[in-house]
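Summary of the model geometry
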Amino acid sequence: MSGGEDRLEELRGLVRDHDRRYYRDASPIISDREYDLIKREMEDLEAELDPLGLFKAEDSPDLIGFPVPAVGDDRLEEFVSHRHLVPMLSLDNTYDQKEFFDFDQRLRKLFDRSELPYVVEPKIDGVAVSITYEGGILKTAVTRGNGVEGDVITQNLMHVDSLPHDLTSFELPEILEIRGEIYMNHEEFVRLNELRERDGLPLYANPRNLAAGTVKLLDPKEAATRKLEIVLYGMGACIPESHFPSQSAFHEAIRKWSLPTVEFLRSASSANEAWQAILELDELRHGYGYPTDGAVIKLDPIEMQRQAGATAKAPRWAIAYKFESERQETVLEDIVLQVGRTGTVTPVACLRPVQLAGTTVSRASLHNADEIARKDIRVGDFVVVEKAGEIIPQVVEVVAAKRQTDSTPYLFPSSCPVCARGLEREDGEAAWRCPNPECPEQVKGRLKYFASRGCMDIDHLGEAVIEQLVDLGKAKRISDLYTLGKEDFLALDGFAEKSAENLFNSIVSSKNKGLARLLCALGIKHVGSSAAKELARNYESLAFLAEATAEDLVEIDGIGAIMAESVVEFFASHENRLIIEGLSSAGVETSREPTEPGSSPLAGTVFVLTGSLESLTRNQAAERIESLGAKVSSSVSAKTDYLVAGPGAGSKLAKAESLGVEVLDEEAFLAFLGNQ
Ligand code: IVH
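Notes on the structure in this doc start here. Each chain has its residues counted from 1, following the order in which its sequence is written. The model is predicted, so local features are restricted to residues of pLDDT at least 70 and side-chain atom pairs to those at 80 or more, both for listing and for counting; the totals for chains, interfaces and linings are taken over all residues. With hydrogens and water stripped out, all remaining heavy atoms of the structure feed into the side-chain values.

**Some words on the nonpolar core**
In terms of nonpolar packing, the biggest core is built from 55 residues, with Phe 450, Tyr 482 and Leu 553 touching the most fellow members. The contact criterion used is simple: two residues touch if any of their non-hydrogen atoms lie within 4.5 Å. Excluding residues within four positions of it along the chain, Phe 450 makes contact with Cys 455, Met 456, Asp 457, Ile 458, Ile 478, Leu 481, Tyr 482, Leu 518, Ala 521 and Leu 583. Leu 157, Ile 178, Met 184 and Phe 189 belong to the second-largest nonpolar core, a separate cluster that totals 34 residues. Buried Ala, Val, Leu, Ile, Met, Phe, Trp, Tyr and Cys residues that are joined via side-chain atoms within 4.5 Å together make up what is termed a nonpolar core. Buried residues are those whose accessible area, probed at 1.4 Å on protein chains only, stays under 20% of the maximum for their type, while exposed residues exceed 50% and partly exposed ones sit between those limits.

Structure follows, in structure tokens:
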């Protein structure tokens, strides 16, 4: 292989990796700008080495007459697929004024005209969606997927207030696919990240990722608790085809129908006028409710768009001009390693403080050792930092010209900076881990998590107290908290009689926080608060859960194979068994709180729902059941009292019948509720 081919393979690997992070995992680790650069280098090299495209990395199966566009793929197995009537393409993009004018020149040549009519719109930096109205009624909302087929996410957008379900009072074409972007406003992003922090879950880096994670939630009820917004800008399929003569006519119509759309749309009769509109947009865009990262310039007449056509990836009639996000140069003063409660080691850049997009930035995540090596980041370097809608600033690149002559490559430490144990890394994992469960930093992390608001919610047990308890050797395990007396707290900095008593009392009162909180607080890998609730709903006590096999656990809705393995592994550990014994013997309630008999009409009754119901959703049914004091479980067992089965019921119905569980159809179920 030549050097060029090696590099091409490397670039293809990088693009694949970053596509997966961006589209499937919704957690990219490089900025759009960096991604665009890598992708462009790959495409240029491909054009040079393989001008006929014979050895393209991705084979593009010809699914329905056109090749799968090169737009990544966000589809997940758990979702129903939907085929777009018109594929969702990507856009060619540029950061360069000249390339914008080259685009115009290509089109002018094609049409043999000296000036062309364009529209200029904001490029919204959200999550692409295609909304279909049939006969004026909203039928589906679908993600881009692989461009040809996407995931149906209608159920997760039901609560987006600005998205009308019924437009029959207007004259819509029979079928209309409308393209848009889903986004989350900054306030909602901050609110949700605060809740995640409270629950000890990893934070989303930016609103876009959180919006992408929300549209892909498996539980629409959870999606309904997060505020999503939508903005529509474009047309996919339209039947009859001739309904809209131009992009501007389409905009006019969606505005008339009160669909949420962009407030900036400039018609331009030449590339020069369009350029002026692009500059104007850059001035105005920060005042819009949605994030924007550029302008999209489109030929206005639909007939001209049709004539210009598209490549497999992008239309020839449109281009995105991307605005530069704010960047600053500063000095990387140090790289420190943070050890998380599970032992994950994250390198963090300590920066000479610099003003960026309105805040002072002094730290930035460096993600992992591979990222540092790839960018060859060294202590003492001048680096460029960027905050492109990212809450956590990114180190984009090193300013090579300013590097000190005596600088040396950064050597990622081979041992934990806290306990000195050798770091380990599993095959295929990017992160190094400290394997020592007794590492004081991990112990502190576990205790902080245990005491946090989303877990045991122990008042007065803050970070500073935990640090001291661990440093003084008074707490090595979470169960040790319950062995401490007032005198132990009096020995800590800042404590007096009253504060020691308060802390003691709140630890004591945390003994009865319920099984779900306790399960969450144990910090089992992959088990957050919703999974903990699900486990507590299905198992009466820690002792019962400890006996569960992975096969038992995957039966539970919302518990996948990875989580099930992790639960089994947690209880198999000798150390964890000691913790649980310690908690039990200290009097921490490790069973589900008994339901008080007689307190509510159906207390203690267990329902399972399966199949679909007509007059109410499964979530609404579950709410009605729970409001009567009964429980809804996700799997049928001997403890199930009633199975509510609608059309489409499968294995749960068979199991219920074999166990002699009473089965209610929708009518019988509604009658049952009515009688309570
Ligand atoms: S036009 C075939 N217009 O950006 C037409 N796209 O990076 C292609 N986007 O796939 C889309 N704002 O998801 C268009 N005003 C706008 C847009 C826009 C955001 C998204 C869209 C597109 C992606 C390309």
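Here the narrative resumes, following the displayed structure.
**Focus on a nonpolar patch on the surface**
A patch is a set of surface residues, each over 30% in relative accessible area and not in a salt bridge, joined within 9 Å for like charges and within 5 Å for the nonpolar side chains Val, Leu, Ile, Met, Phe, Trp and Tyr. Each accessible area value is a Shrake-Rupley result obtained with a 1.4 Å probe; residue values ignore everything except the protein chains displayed when judging cover. Should a side-chain nitrogen of Lys or Arg be within 4 Å of a carboxyl oxygen of Asp or Glu, the pair is scored as a salt bridge. On the surface, a cluster of nonpolar side chains totalling about 240 Å² of accessible area is made up of Leu 85, Val 86 and Ile 239. With respect to the helices and strands, the residue Ile 239 is situated in strand 8 (residues 229–239). Classification of Ile 239 as partly exposed rests on a relative accessible area of 42%. Strands are runs of DSSP state E lasting at least 2 residues, helices are runs of H or I lasting at least 4, and numbering of each runs from the N terminus.

**Observations regarding the packing of helix 11 (residues 440–451) against helix 12 (residues 463–471)**
Here an axis means a line fitted to C-alpha atoms, over the contact stretch when the element is a helix, while the angle between two N-to-C directions is reported on a 0 to 180 degree scale. At a closest axis distance of 10 Å, the pairing of helix 11 and helix 12 adopts a crossing angle of 140 degrees. When the axis of helix 11 is compared with that of helix 12, the two are oblique. Considering only the axes of helix 11 and helix 12, their crossing is right-handed. Across from Pro 440, Val 443, Lys 444, Leu 447, Lys 448 and Ala 451 in helix 11, the residues of helix 12 making contact are Glu 463, Ile 466, Glu 467, Val 470 and Asp 471. Classifying every residue of the contact of helix 11 with helix 12 gives six nonpolar, no polar and five charged. Geometric relationships in this document are graded by angle, where less than 35 degrees denotes roughly parallel, more than 145 denotes roughly antiparallel, 65 to 115 denotes roughly perpendicular, and other angles denote oblique. For any pair of crossing helices, the crossing counts as left-handed if the nearer helix is rotated counterclockwise from the farther one by less than a right angle, and right-handed if it is rotated clockwise. Residue classes follow a fixed rule: Ala, Val, Leu, Ile, Met, Phe, Trp, Tyr, Cys and Pro count as nonpolar, while Asp, Glu, Lys and Arg count as charged, and any other residue, Gly among them, counts as polar.

**Thoughts on the sheet that holds strand 4 (residues 127–134)**
Two strands qualify as a pair provided DSSP detects at least 2 bridges between them. If you walk across this open sheet you meet the four strands as 5-4-7-8, and the pairing is antiparallel. Each having just a single partner strand, strand 5 (137–143) and strand 8 make up the two edges of the open sheet. Taken pair by pair, the neighbouring strands of this sheet meet at an average axis angle of 25 degrees, ignoring direction. Direction of pairing for strand 4 relative to strand 5: antiparallel, over a ladder of six bridges. Paired with Ile 131 across the bridge in strand 5 is Ala 141.

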